[in-house]
Amino acid sequence: MSSVLIIDDHPIVLQGCRRMLQDAGVAAVLEARDAVSGYRLYRRHRPEVVIVDLAMQGSGLGGLPLIRRIRSHDPQARIMVLSMHSDPIIVSRALEAGATGYVLKDTSSEDLLKAFAKVQAGTPYLSGDLAMQVALAHTSARQNPLAELTPRELQILSLLAEGKPYGRIAEEINVSYKTVVNVSSQLKQKLKARNLPELIRTAVQLLQAAPIAKTSRPDLEKLP
């Protein structure tokens, strides 16, 4: 008997995936509309496959820390990302976080089921186009400053781009004020910004070109 957990905040996506998987013979389909409830359902039911969106309820790429948390709890977890994001850097981040497969939301039903079958069998899956883009992104990573940043640096950079001060950032991501100051100093060096206003302008420009938003959710991190 196969079981699947779908985590997505769009009711239409949930309904469509559920019907498609049930028609394909999946016995049990669980649903969640946010990362926290999705993680709790995962811990409670241990589904065979988890299908997760990366962007949920305005949380940027809130699906990334969810994937990491599931993987840390079960290194053998089979996770398929179903996302609108085709940026190869974002795809790479999802794979690095522990996703087994990555599928775009505009893919055909046939290809989606093909990807699901691969992930269910524990086989990594990327479409040919995505695989090529990810490979090229790794080849030219140095040309994109975001590819050189750590998850924490990306997180703080995205919050700076939103115009939030150091103190507010420290509160939101549960770190010390000094940590935010130190990371911002590192960001200035890596992005060649002479001061904070220039760093913020650079952050806005880079994140608008290739939106990589928050990669950590304090509410998710508090879960057992």
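Residues numbered from 1 in each chain as written. Predicted model: local features only at pLDDT ≥ 70, side-chain atom pairs only at ≥ 80, totals over all residues. Heavy atoms only, no water.

*Asks:* Before we go on, may I ask you to explain unusual backbone geometry in this structure?
*Replies:* The backbone of Arg-46 shows a phi angle near 45°, a positive value even though the residue is not glycine. With respect to the helices and strands, Arg-46 occurs in the loop between α2 (35-45) and β3 (49-52). (Helix = DSSP H or I, 4+ residues; strand = E, 2+ residues; numbered from the N terminus.)

*Asks:* Looking at this model, I keep getting lost on the sheet that holds strand β6 (residues 125-126). Mind explaining?
*Replies:* Working definition: the strands of a sheet are paired by backbone hydrogen bonds and lie parallel or antiparallel to each other. Reading across from one edge, β2-β1-β3-β4-β5-β6 is the order of the six strands in this open sheet, with parallel pairing throughout. Edge strands, defined here as strands with exactly one partner in the open sheet, are β2 (28-32) and β6. Where strand β5 (residues 101-104) meets β6, two bridges bridge the pair, whose relative direction is parallel. Each bridged residue has a counterpart across the sheet, and for Gly-101 the counterpart in β6 is Tyr-125. Against the sheet, helix α1 (residues 11-23) engages β1 (3-7), β2, β3 and β4 (79-83), with an angle of about 170° to β2. (Pairing = 2+ DSSP bridges. Contact = heavy atoms within 4.5 Å. Axes fitted to C-alpha atoms, helices over the stretch in contact; angles between N-to-C directions.)

*Asks:* Is there a simple way to explain the pairing of β2 in this structure?
*Replies:* When a strand is regular, its side chains alternate between the sheet's two faces. Both β1 and β2 contribute to a ladder of five bridges, which runs parallel. Counterpart to Ile-7 in the pairing with β2 is Ala-32. At this point the chain moves from β1, through α1, to the parallel β2, and the crossover so formed is right-handed. (Right-handed = clockwise from strand over helix to strand, strands pointing away.)

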